[in-house]
Amino acid sequence: MDFNSGSGGGSDLHNNRQYQSEESKPLLGEMSALGPADGNKMGAVPCRRALLHSNGMRYKLLQEGDIQVCVVKHPRTFFSKILSSKFLRRWEPHHLTLTDNSLTSATPTGYMEAAISYSTIEDVQLLSWENAPKYCLQLTFPAGTVLLQAANSYLRDQWFHSLQWKKKIYKYKKVLSSPSRWEVVLKEIRTLVDMALSSPLQDDSIHQAPLEIVSKLLSENINLTTQEHENIIMAVAPLLENNHPPPDLCEFFCKHCRERPRSMVVIEVFTPVVQRILKHNMDFGKCPRLRLFTQEYILALNELNAGMDVVKTFIQSMHGPTGQCPHPRVLPNLVAVCLAAIYSCYEEFINSRDNSPSLKEIRNGCQPQCERKPNLPLRLMRANPDLVSQEVATPAEARIKSVIVNSSEIHVELERNNANAEKLKGPAGSESEPNLIDCLLVSPTCSTLAIQLNAQADRVLACYVEILKMLSDYDDWRPALASLLQPIPFPKEALAHEKFTKELKYVIQRFAEDPRQEVHSCLLSVRAGKDGWFQLYSPGGVACDDDGELFASMVRVCNNVHILMGSCYKTKKFLLSLAENKLGPCMLLALRGNQTMVEILCLMLEYNIIENNDTQLQIISTLESTEVGKKMYEQLCDRQRELKELQRKGGPTRLTLPSKSTDADLARLLSSGSFGNLENLSLAFTNVTSACAEQLIKLPSLKQLNLWSTQFGDAGLRLLSEHLTSLQVLNLCETPVTDAGLLALSSMKSLCSLNMNSTKLSADTYEDLKAKLPNLKEVDVRYTEAW
């Protein structure tokens, strides 16, 4: 459909010239009240243009839809007569699509054989006239008119506003694509923003489209003055109240934060934008520049006179005045920003990994320099060849001298440390990847790494570690923060940095002191075989700088509540890991009178963790060197004599505790006589809890245990599974046990009867238990998910 080839040549030429002049003038007046143009009056004819009234109606922006189309090619002077007649030409049904540049039909035939470009549309009007179809739109062209007829008034208005919006956005893109004077551009941007704010269309793209236009404009014109920067930011500020800035606009904001951190624009305009990002962003991975902008904004706040006080006030505003933060996305987003900022501080060192000697090379001695990649940003001095060959021949006596790695901004010094070398070292000839501590220490004999960052990286690091410390001070945020940091999401270069680990120690201490299990349990590794904060801050760990004081606080007993893992810290598995890797530091702390370490050494002796007689004698000597250790060792000896006497005397084989009995009642009963032969114990319908497991594990002959309708939970099951390996019958009916505790039963290979009726057993756990318990013959899983 060619609207430039219609009849009425002289009139058409005049109209084309008029259209061109309208296209070339600025758009400042386009948001005026809708009505007939002065050059388009129709005289006193029945046709009239419907006026828009502010009725508060909202419409979704149309992208496509079905509508009736009629095209009239005419000289402009005759169009009023055509509209006033009772008969119009035929209407064609079309499925029209509103693209960014034109109006197209899914069936390009008839009236819509060619797409209608927005640049050729002079005006869009609402029409109504007597004795003619209702709900019509008029699209005016230089050589004719396109009439669109909708099914009802709402659809007509929706088409009208959508077409107007598409047409004007197209014009703004064209006008702002080649700016000449920035004062004119600024006026156009303000008008564009006003148009978006006053539009009755309710769609995300209504505010995003102007932001993207401005974003593209700024990306193509980077040489702007500071004042022009601030004027543009102030102009688009109203659109940012409910929308995230596009990527290019984020780059523009980041640049402003870096160049003018003390500008009032940062406080007045960027603050609500960043607050909205932190509250509503769902995935920084899809929009990393939002994270970068938030990071630069916080650094700009830190540059103000008050510094971290301003940052702290901002964090408080994000949390809210109450004890519970109402916005669940704020904390994960803040942590993501902190992690990205801390990572950037060590980015140059991290990028040097590919060209630097591998961990395996460093541990075994450097290969010849000619075999390395060229242009190494980090160079490693070769270890003494004699020592390297000695390490291969006699691993138990090998030692590596200090190695120094220098770069323009990083200085790494690896110092010799003989203590615990063989404890941390893996089996000879092992080709498996070293764990995190091995990676950080580079060699089993290395203990300290001192990294020096440049001044800017040091300021960034100090700011964001301080934010992590602030986050850990909020009780409601601490569980989620501990969970987010449990996988140790920092690069190993950061964990090798003494300043970083020293500052982060405050956060770990807050986790250790929290009485909630979901918090302090996050100090352990996230999965088996991976190091956790407990290992990093333990004696001999790369982050330990206090001779194990933090380590002791993580496992100490406070008011009969085991801070780190509840009663689990008395498990054989935990004690065995300490005996294998941390026995020396534990004995040193016990020698200095640390009560927690004294208790741990006593438990190692009680559970026969230590097999070597010389090591046992050394532990005993350590315990007897202090008053608290001597007292606990004497208590241990008394318990051992009682246990041996209990086994010698025998006692009853069956025992039923009265209903409503408590843990204290059970402990009192078992301490009053000999129960070495007790095989069947019923605690059904009593008030015992998991705490009674510490008494039950002292019954070596126990084969049948009834815990029906008690409060015995997962912690107790884990303890039983380690000590009562000969248990054959276990009744857990109507107990609060879950999959977490039931999975521990897979180590009790003697179980032949297991009642899990009315527990929180899942089908997957049930299948796992059946596969791992070959002697299991009787199982009750009624009223569970596995039923």
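This one's a predicted model, so the numbers in the text were calculated from it and none came from an experiment.

**With respect to the nonpolar core**
Core analysis: the largest hydrophobic core is formed by 177 residues, its most contacted members being Tyr 464 and Trp 533. Counting residues per element, this core draws most heavily on helix H17 (residues 455-472), at ten residues. Leaving out residues up to four positions away in the same chain, Tyr 464 has contacts with Thr 294, Gln 295, Glu 296, Ile 298, Leu 299, Val 337, Cys 338, Ala 341 and Ile 342. Within the second largest apolar cluster, 29 residues are counted, among which are Leu 62, Val 71, Ile 121 and Leu 127.

**A short note on the packing of aromatic side chains**
The description of an aromatic ring pair uses the distance of the two centres, along with the angle that the planes make with each other. Evaluated as defined, the whole model comprises 13 aromatic pairs. An angle of 50 degrees between the planes, with centres 5.4 Å apart, marks the rings of Phe 253 and Phe 293 as tilted. Residue Phe 253 is found in helix H7 (residues 247-259), and its partner Phe 293 is found in helix H9 (residues 288-302); the two are separated by 40 residues along the sequence. In this pair, the class of Phe 253 matches that of Phe 293, namely buried. Judged by centre distance (5.1 Å) and plane angle (45 degrees), the ring pair of Phe 685 and Trp 708 falls under tilted. Of the two residues, Phe 685 sits in the loop between strand S15 (680-682) and helix H30 (693-696) while Trp 708 sits in the loop between strand S16 (704-706) and helix H31 (714-723), which places them 23 residues apart along the sequence. We classify Trp 708 as partly exposed; its relative accessible area is 32%. Every member of this aromatic cluster is reached through a ring pair, and the members are Phe 252, Phe 253, Phe 270 and Phe 293. Over the aromatic face of Tyr 111 sits the side chain of Arg 90, whose NZ or CZ is 5.0 Å from the ring centroid.

**Points about the pattern of salt bridges**
Overall, the coordinates contain 20 salt bridges when judged by the stated rule. A salt bridge links Arg 510 to Glu 513, with the shortest nitrogen-to-oxygen separation between them at 4.0 Å. Remark: Glu 513 and Arg 510 occur in helix H20 (residues 498-513); sequence separation between them is three residues, near one turn of the helix. Among the residues examined, Arg 510 registers a relative accessible area of 23% and is labelled partly exposed. Residues participating in the shared-partner salt-bridge network are Asp 475, Arg 478, Asp 514 and Arg 516.

**Quick notes on the confidence of the model for the chain**
Any residue range with low pLDDT should be treated as having predicted coordinates unsuitable for detailed reading. Confidence in the prediction for the chain averages 76 pLDDT; 74% of positions are at 70 or higher. Throughout residues 1-54 the model reports pLDDT below 50, and contacts reaching past four residues in sequence, or to other chains, amount to 81 contacts. Predicted confidence for residues 557-569 stays below pLDDT 50, and this span has 37 contacts to residues more than four positions away or in other chains.

Conventions and cut-offs
- Residues numbered from 1 in each chain as written.
- Predicted model: local features only at pLDDT ≥ 70, side-chain atom pairs only at ≥ 80, totals over all residues.
- Heavy atoms only, no water.
- Core = buried A, V, L, I, M, F, W, Y, C linked by side-chain atoms within 4.5 Å.
- Buried < 20%, exposed > 50% of the residue type's maximum accessible area, 1.4 Å probe, protein only.
- Helix = DSSP H or I, 4+ residues; strand = E, 2+ residues; numbered from the N terminus.
- Contact = heavy atoms within 4.5 Å.
- Phe/Tyr/Trp six-rings, centres within 6.5 Å; stacked < 30°, edge-to-face > 60°.
- Lys NZ or Arg CZ within 6 Å of the ring centre and 35° of its normal.
- Salt bridge = Lys/Arg side-chain N within 4 Å of Asp/Glu carboxyl O.
- pLDDT = per-residue confidence, 0-100.

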